[in-house]
Amino acid sequence: QVQLVESGGGLVQPGGSLLLSCATSGNILSINVMRWYRQAPGKEREVVAAITSGGSTDYADPVKGRFTISRDNAKNTLYLQMNSLKPEDTAVYYCNADAEWGRRYNYWGQGTQVTVSS
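Residues numbered from 1 in each chain as written. Predicted model: local features only at pLDDT ≥ 70, side-chain atom pairs only at ≥ 80, totals over all residues. Heavy atoms only, no water.

S.K.: Tell me about the environment of Gly 8, and please be specific about residues and values.
M.R.: Topologically, Gly 8 is positioned in the loop between strand 1 (4-7) and strand 2 (10-12). For Gly 8, a relative accessible area of 35% corresponds to the partly exposed category. Separated by 14 residues in sequence, Gly 8 and Cys 22 place their C-alpha atoms 9.0 Å apart. Residues within four places of Gly 8 in sequence aside, it is in contact with Leu 18, Leu 19, Leu 20 and Thr 112. (Helix = DSSP H or I, 4+ residues; strand = E, 2+ residues; numbered from the N terminus. Buried < 20%, exposed > 50% of the residue type's maximum accessible area, 1.4 Å probe, protein only. Contact = heavy atoms within 4.5 Å.)

S.K.: Quick rundown of the pairing of strand 9 (residues 91-100)? Include the residues and the values.
M.R.: With 8 of 10 residues buried, strand 9 is to be regarded as a mostly interior element. Where strand 4 (residues 33-39) lies against strand 9, 7 bridges are found, and the strand directions are antiparallel. Bridging across to strand 9, Gln 39 finds its partner in Val 92. Across 3 bridges, strand 9 lies against strand 11 (residues 112-116) in antiparallel orientation. In the sheet register, Tyr 93 faces strand 11, and the bridge partner there is Thr 112. Direction of pairing for strand 9 relative to strand 10 (residues 104-108): antiparallel, over a ladder of 5 bridges. Paired with Asn 96 across the bridge in strand 10 is Trp 108. (Pairing = 2+ DSSP bridges.)

S.K.: Account for the sheet that holds strand 7 (residues 67-72), naming residues and giving values.
M.R.: Spatially, 4 strands are ordered 1-3-8-7 in an open sheet, and the strand pairing comes out antiparallel. Each edge of the sheet is formed by a strand with only one pairing partner; in this case those strands are strand 1 and strand 7. Recorded for the sheet is a direction-independent mean angle of 15° between the axes of neighbouring strands. Pairing between strand 3 (residues 18-24) and strand 8 (residues 77-82): 6 bridges, direction antiparallel. From the neighbouring strand, Leu 19 faces strand 8, where its bridge partner is Gln 81. (Axes fitted to C-alpha atoms, helices over the stretch in contact; angles between N-to-C directions.)

That is the geometry; function is a separate question.
Quick look at the structure:
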């Protein structure tokens, strides 16, 4: 019912910046919460940031003050602006949609690789 496509990952040096995008197939405001997750090799997938349909945001402690989650409602696109990147930010980043349309729905994008290395 919802398709998510991430883009914007790549190789960046420590201290650099990247902008990740997540294009959705429908009205992004119909989704209760959208989240960015990441998964590093050998580690559990963890939530990075979240934004509700009302615009409230929340961040994991390791990225607080460095990452910003936002959306463009007209383009139905979610963003993650990542600044002051560190090697420990290296992971596959996933877009997630958490919706309530009479029942609970959950959707994932395919992921985009972010590598922070000198």
